[in-house]
Amino acid sequence: MAGTDIIDFSSGPIVRNILAYTFPLLLGNLFQQLYNAADTLIVGNFLGSDALAAVSSSGSLIFMMVGFFNGLAVGAGVVISRAYGAGDGERLEKAVYSDIAFGLAAGAIITAFAVAFTRHILIWISTPSDLLPISASYFRVYSAGIFFSVMYNVLMGIMNALGDSRHPLYYLIISSAVNIVLDIVFIGAFGWGVWSAAFATIISQAASSLLCLIRLIRGDGGISIRLRSISIDKAGLGEIIRFGLPSGLQNSIVGFANTVIQSSVNTFPAAAIAGFGVYAKIEGFVLLPITSFSLALTTFVAQVSGSGNRERLLKGAVEGMAMNIVVAEAAGALLFIFAPFIVGLFSSDPEVIGYGTRQARIEAFFYFLVAISHGSAGMLRGVGKAFVPMLVLLVSWCLVRVAFVTAALFFHHDIMIVYAAYPITWAVSSAFFASYIFRKSWLR
């Protein structure tokens, strides 16, 4: 059933299969992060700190809006992987078509909402009044292309769930190159404003979505879709929602919490806002191996549980988690050493560099906790227990984090409190996950 580009996790060497799946996924996520960071880097160097702060202030907001649908895509991936692992072609088709149809509808709705309420949303997150005009120009244009972001994640999720992590990599390389070139042309050559960085992102995301769709239509990725057959099957959508709703709610709630944190950061000077935003982009790169191994664990566990091989499932879970932790700490060590240089790539302002470097060095050696949390969540989603990671991350990364930051800033208005909140809440979530996973109740 598997083609040359499809990895079947139900047989073969476990570590080699996980690495073969993870490496192109990691590179693909790297290029996706590159074109996300390109806006920040080019805006910071060409348009200055205020424009950089304007772009940075909307990052968590964008994640909050698209996170729900991306979480549903993860749930769809679990359904697709399990159907593929079990050799159930009918269930596989229903899941794929329902996933695409829902993505089309949801993407259109969220795009219309974000464009219509741009200014209100930015005011809600306490965007400084002097940054509001340029923040609105960037966010409104970006919002107009959220549809393509949703559809890319849906289509890429289908391909990854079938074991094909190579072609999403190829398409992201193309998309990243398009975005970076257009950023340089629009801002550097044409002298357009910050909004043009968002316009470049729209074009690149549309290109990657189209390439994914063409491959699925051609039938080269484990399934051949027919556009006229795209519709919502009630049973298929119900299964996707059952697996994906907890992940979607988790993403939205974590995104909401990060937006609340961003509103607290927005009470500090523009250099602090810019430094916080720059670090968020850098952290995105550091988290790439963690999220890639975690998605590999989700796909591995989903496929193997579909085939019913419990011994292989446990062995792969342990080996995958170990690799995740080791790589996370290595990435954190590199960040600690090179933080001033990396932050300096985004801005030459010494204040911005100082803020970003301090945050990086506070959090750098705690990424093993993120690996434990994301890896555990990935395994639990793979066996259909997506409610558990939703609950754990809701409590630790949302309630505890927001309560800690809000209360601590009330007594002492210092940005270091915000920086410290992240490793503290990573530790809380890791403790919850470890206690659950070690009981092995997640296998029942």
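Report follows, based on the coordinates. (Residues numbered from 1 in each chain as written. Predicted model: local features only at pLDDT ≥ 70, side-chain atom pairs only at ≥ 80, totals over all residues. Heavy atoms only, no water.)

Points about the pattern of salt bridges
If the charged atoms of two oppositely charged side chains come close together, the side chains can form a pair.
Right, on to step 1. Tallied over the entire structure, the rule returns 5 salt bridges.
Right, on to step 2. A salt bridge links E93 to R226; its shortest N-O distance comes to 3.9 Å. Of the two residues, E93 sits in helix α4 (residues 89-116) while R226 sits in the loop between α9 (195-218) and α10 (234-265), which places them 133 residues apart along the sequence.
Right, on to step 3. On the accessibility criterion, E93 (30% relative accessible area) is partly exposed. (Salt bridge = Lys/Arg side-chain N within 4 Å of Asp/Glu carboxyl O. Helix = DSSP H or I, 4+ residues; strand = E, 2+ residues; numbered from the N terminus. Buried < 20%, exposed > 50% of the residue type's maximum accessible area, 1.4 Å probe, protein only.)

Some details on the layout of surface pockets
Right, on to step 1. Taken as a whole, the largest pocket encloses approximately 390 Å³ of empty space.
Right, on to step 2. Every residue lining the largest pocket is counted, 20 residues in all, and those nearest its centre are I282, F285, V286, L335 and I342.
Right, on to step 3. The element best represented in the lining of the largest pocket is helix α13 (residues 310-346), accounting for 10 residues.
Right, on to step 4. Taken together, the residues of the lining of the largest pocket sort by class into 20 nonpolar, no polar and no charged. (1 Å grid on protein atoms, 1.4 Å probe; cavity = no way out; pocket = protein on both sides within 12 Å on 5 of 7 lines; lining within 4 Å. Points joined across faces, edges and corners; volume = space filled by probe spheres on them. Nonpolar A, V, L, I, M, F, W, Y, C, P; charged D, E, K, R; others polar.)

Points about empty space enclosed by the protein
The rolling of a water-molecule-sized probe over the atoms marks out the regions of remaining empty space.
Right, on to step 1. Within this structure, the stated rule accounts for 2 cavities of 30 Å³ or more.
Right, on to step 2. Put simply, the second largest cavity is a space of about 50 Å³.
Right, on to step 3. Lining the second largest cavity, in full, are F69, L72, A73, D99, F102, G103, A106, V150, V154 and I240.
Right, on to step 4. When the residues that make up the lining of the second largest cavity are grouped by side-chain class, the tally is 8 nonpolar, 1 polar and 1 charged.

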